[in-house]
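# Summary of structural features
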Amino acid sequence: MRLINRHPDRPSRLLLVILPFALVLFAYFMGSADRLTDNPNDKLLPSAVQMTDAVKRLAFTADTRTGEYLLWQDSAASLRRLAIGLGISALAGLCLGIAAGTLPLFGAPLSPVLTVLSMVPPLAILPILFIVFGLGELSKVMLIVIGITPCLARDLEQRAREIPVELLIKAQTLGASTWTLMLRVVLPQLLPRLLISLRLMLGSAWLFLIAAEAIASTDGLGYRIFLVRRYLAMDVILPYVVWITLLAWLMDWGLKRLTQRAFPWHQGASK
């Protein structure tokens, strides 16, 4: 049997999923044990005990200065900014994608603008955002919005252009207006694609958020990572990176489940 036609059964699939993570953890802890044996004060590869102590201190011990549990405070601040940024981006990207992909009079000027904006590196304009919007919450949210909205809009525009023309013609022969076409024909086709596009853009959204928090913030996951880096506190940085990865994975899983539940007919809902 050709390799392309071989599919793992359920136990084998589970093993193949776990194997890469197990190998990475094994290599890390072997390297950590070796370095700590040579130098017990080594900070580059902290042991599991050191990282566990750091997590206990940050997550389950109140800060003596503020009385807050730092890990949960940072997580709440970052997730709030991310949720606002993603919400605004989704709404703006959906509106722009529908307009550019459905209405030729809007698509002619919008499509080139979206293409150009999607090529601008968002981190390059971060100083401009701080100058224009200040160092508060707005600049951090705007970096996410500016960073992912053009890409979302371009993806939705392309999906709108792929809607069969026959559907639009049939709806018009039944008396559908432009507004009805967009609400009853185009919008249902784009909503599942919007959720899939958000899943694909989650990594970029987290990147922009961490960068903004690292430069100008007093709380947040990115702020904490860059605050402790001066002390080479890898026992804090590594658990924070793992926590961010877990949060991103949970958000991706949630969007996937939402797509499957809300749009089971969509061919990309199970991916």
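Here, every reference points to the structure presented above.
Attention in this report is confined to the structure presented alongside it. Just so we're clear, the structure is a prediction, and the values are computed from it rather than from any experiment. (Residues numbered from 1 in each chain as written. Predicted model: local features only at pLDDT ≥ 70, side-chain atom pairs only at ≥ 80, totals over all residues. Heavy atoms only, no water.)

## Examining the overall build of the chain
The line we're drawing: For the purposes of this entry, the term helix denotes a DSSP run of H or I that reaches at least four residues, the term strand denotes a run of E that reaches at least two, and both are numbered from the N terminus. Put simply, the radius of gyration uses C-alpha atoms, and a globule should come to 2.2 Å times the residue count raised to 0.38. Whether a residue is buried, partly exposed or exposed follows from its accessible area with a 1.4 Å probe, protein chains only, as a fraction of its type maximum: under 20%, in between, or over 50%, in that order. Contact between two residues is taken to exist if any of their heavy atoms lie within 4.5 Å; hydrogens are not considered. All accessibility values rest on the Shrake-Rupley procedure with a 1.4 Å probe; residue burial counts only the protein chains present in the view. The charge count treats Lys and Arg as positive and Asp and Glu as negative. His and the chain ends do not count. Taken as the charge centre is NZ of Lys, CZ of Arg, CG of Asp or CD of Glu, depending on the residue.
Helix and strand content of the chain: 10 helices and 0 strands. Its helices and strands in sequence order give the chain the pattern α-α-α-α-α-α-α-α-α-α, from N to C terminus. At 23 Å, the chain has a C-alpha radius of gyration far larger than the 18 Å of a compact globule built from 271 residues. Overall size of the chain, expressed as C-alpha extent along the three principal axes, is 80 × 60 × 30 Å. Within the chain, the fraction of its 271 residues that count as buried is 38%. In the chain, once contacts between residues fewer than 6 apart in sequence are set aside, the share between residues at least 24 apart is 68%. For the chain, the computed accessible surface area is about 16400 Å², with 68% contributed by carbon and sulfur atoms. Distance from the positive charge centre (26 side chains) to the negative charge centre (17 side chains) of the chain: 8 Å.

## Some words on the nonpolar core
In plain terms, the rule: By convention a nonpolar core is built from buried Ala, Val, Leu, Ile, Met, Phe, Trp, Tyr and Cys residues, the set being connected through side-chain atoms within 4.5 Å.
Among the nonpolar cores identified, the biggest contains 46 residues, and Trp206 and Leu221 are the most heavily contacted of them. For this core, the secondary structure elements donating two or more residues are helix H2 (48-59), helix H3 (70-102), helix H5 (126-133), helix H6 (137-161), helix H8 (178-215), helix H9 (221-228) and helix H10 (234-262). The element contributing the most residues to this core is H8, with 14 residues. Filtering out sequence-adjacent residues up to four positions away, Leu221 remains in contact with Leu71, Asp74, Ser75, Ser78, Trp206, Ile210, Glu213, Tyr240, Trp243, Ile244 and Leu247.

## Examining the side chain of Ser111
What counts is decided by this rule: Side-chain atoms alone can form a polar contact between residues adjacent in sequence; in general such a contact is a pair of N or O atoms within 3.5 Å, and within protein one must be able to donate a hydrogen while the other accepts it.
Relative to the assigned elements, Ser111 resides in helix H4 (residues 104-119). Within polar-contact distance, the side chain of Ser111 engages the side chain of Glu157 at 2.9 Å. The contacts of Ser111, once residues within four sequence positions are left out, are Glu157 and Arg161.

## A short note on the pattern of salt bridges
Threshold: A pairing counts as a salt bridge when a side-chain nitrogen of Lys or Arg comes within 4 Å of a carboxyl oxygen of Asp or Glu.
By the definition in use, this model includes 9 salt bridges. The partner of Arg81 in a salt bridge is Glu213, and the shortest N-O contact between them spans 2.6 Å. Here Arg81 is found in helix H3, whereas its partner Glu213 is found in helix H8, with 132 residues between them in sequence. Overall, Arg81 belongs to the buried group, its relative accessible area being 1%.

## Focus: the packing of aromatic side chains
The condition that has to hold: Each pair of aromatic rings taken from Phe, Tyr and Trp, with Trp reduced to its six-membered ring, is defined by centres within 6.5 Å and is described as stacked if the planes are under 30 degrees apart, edge-to-face if over 60, and tilted in the remaining cases.
What the rule picks out here adds up to 4 aromatic pairs. Seen from their ring centres, Tyr28 and Phe29 are 5.2 Å apart, and the 80° between their planes marks the pair as edge-to-face. On the basis of relative accessible area, Phe29 is assigned to the partly exposed category, the value being 36%. Between Phe263 and Trp265, the ring centres sit 6.1 Å apart and the planes meet at 85°, which makes this aromatic pair edge-to-face. Note on Trp265: relative accessible area 48%, which makes it partly exposed. Among the aromatic side chains, those forming a connected cluster through ring pairs are Phe60, Trp72 and Trp243.

## Re the environment of Trp265
Note on placement: Trp265 falls in the segment after H10. The residues contacting Trp265, other than those within four sequence positions of it, are Pro188 and Pro192.

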